[in-house]
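Descriptive analysis of the structure
Each chain is listed here by its residues.
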Amino acid sequence: MSDPTEPTEPAGAVEPTEPTERKPRSTFGPVLLLGLVGAALAAVGGAKAWYAVPDAADTIDAPVATTDQFSLDMPLAGALGLVLLACWGVLLVTRGWVRRAVAVLGLVSSLGLVATFIQGWRTLPDDLADKLTETGTGQSAGSLDAGFTGWFWAAGVGIVISVVATLLAVRLVPSWPAMGSRYDAPTGAQSGPVDVERANDGELWKAIDEGHDPTL
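Report on the accompanying structure. Please read all numbers here as calculations on a predicted model, not as lab measurements.

**Examining the overall build of the protein**
- Across its full length, the protein carries seven helices and three strands.
- Reading the protein from its N end, one meets helices and strands in the order α-α-β-α-β-α-α-β-α-α.
- For the protein, the proportion of contacts with a sequence separation of at least 24, taken over those separated by at least 6, is 76%.
- Accessible area of the protein: about 13800 Å², with a carbon and sulfur share of 61%.

**Some words on the nonpolar core**
- Counting residues in each nonpolar core, the largest one holds 34 residues, and the members touching the most others are W50, W88, L113 and W176.
- Mapped onto this core, the elements with two or more residues apiece are helix 2 (28-46), helix 4 (75-93), helix 5 (96-135) and helix 6 (150-172).
- Sort the elements by how many residues they give to this core and helix 6 lands first, with eight residues.

**Some details on the environment of A103**
- Examined against the element boundaries, A103 turns out to sit in helix 5.
- For A103, a relative accessible area of 2% corresponds to the buried category.
- Remark: the alpha-carbon pair of A103 and A169, spanning 66 residues in sequence, is separated by 6.0 Å.
- Apart from the residues lying within four places of it in its own chain, the contact partners of A103 are L91, A169 and V170.

**A closer look at the sheet that holds strand 1 (residues 51-52)**
- If you trace the three strands from one edge of the open sheet to the other, you get 2-1-3, paired in antiparallel fashion. Pairing within the sheet leaves two strands with one partner each, and these edge strands are strand 2 (71-72) and strand 3 (147-148).
- Pairing of strand 1 with strand 3, which is carried by two bridges, proceeds in the antiparallel orientation. For Y51, the partnering residue across the bridge sits in strand 3 and is F148.

**Remarks on the environment of T116**
- Tracing the backbone shows T116 in helix 5.
- Ignoring anything within four residues of it in the chain, the contact list for T116 reads W50, M74, L76, A77 and L80.

**Re a nonpolar patch on the surface**
- Taken together, the side chains of L34, V160, V164 and L168 present a nonpolar region at the surface, about 300 Å² in accessible area.
- In terms of residues, the nonpolar patch owes the most to one element, helix 6, which gives three residues.

So, how was this worked out
Along each chain, numbering runs from 1 in the same order as the chain's sequence is written. Note on the predicted model: pLDDT of at least 70 is required for a residue's local features to be given, and 80 or more for side-chain atom pairs to be given and counted; whole-chain, interface and lining totals, by contrast, use all residues. To obtain the side-chain values, all non-hydrogen atoms of the structure were used and water was disregarded. Segments assigned H or I by DSSP are reported as helices when at least four residues long, segments assigned E as strands when at least two residues long, and all are numbered from the N terminus. Note on definitions: a residue-residue contact is assigned when non-hydrogen atoms from the two residues lie within 4.5 Å. Computed with a 1.4 Å probe, the accessible areas rest on the Shrake-Rupley method; for each residue, only the protein chains presented here act as cover. For our purposes a nonpolar core is just a set of buried Ala, Val, Leu, Ile, Met, Phe, Trp, Tyr and Cys residues, chained together by side-chain atoms within 4.5 Å. Exposure categories follow from relative accessible area, calculated using a 1.4 Å probe and restricted to protein chains: below 20% of the type maximum is buried, above 50% is exposed, and the middle band is partly exposed. The rule for pairing is simple: two strands pair if DSSP sees at least two bridges between them. For patch detection, residues must exceed 30% relative accessible area and be free of salt bridges, and they are connected within 9 Å for like charges or within 5 Å for nonpolar side chains (Val, Leu, Ile, Met, Phe, Trp, Tyr). We count a salt bridge whenever a side-chain nitrogen from Lys or Arg sits within 4 Å of a carboxyl oxygen from Asp or Glu.

In structure tokens, the structure reads:
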């Protein structure tokens with residue numbers, strides 16, 4: 001026989017559970033850091049030479065031959081990398097549908113970088129061969145040890161990271177924390193002055209956050 005004084009739980013009671021939003025919100029920092037690293041690698045690597053002849057000035061038998069002349073790049077890659085960096089910056093200061101649209105723009109930029117990387121892989125060796133033909137020396141890219149540079153591979157790593165990060169951003173951005181309303185422009189919906197003598201500490205701090213001076 002049970003003790004009538006022992007507290008009992010009401011029928012159908014449900015034990016409290018941890019908020020389910022905590023995990024998605026905790027992804028904001030790691031995904032942002034991952035995206036910035038990938039975008040920086042893509043932007044810097046995309047602005048450098050991707051395919052080149054080492055020491056072209058010494059190895060190419062031509063009247064005028066410089067290393068830069070036989071170092072080929074893909075300017076579009078650098079431009080898209082800068083757009084991607086800007087997208088991550090905007091994600092920090094926006095909210096709502098604007099934030100989601102910027103995340104989608106970042107994904108589009110990342111996919112554009114993938115296309116640029118593939119295009120560079122396919123066309124740059126032929127472009128260099130055409131340049132060597134124009135010099136009339138009869139030398140080939142293979143005989144000159146021409147090849148893809150370290151910046152090409154660095155950009156490739158950054159592009160892969162960027163695709164992963166922007167895909168995560170598009171998926172998770174609705175659950176990410178937004179900049180607090182205290183950074184918004186003041187509106188007419190704010191409460192009035194606070195009585196300093198009667199208000200508690202919480203009310204005083206709230207008044208300061210809303211732009212009021214409790215001492216006045």
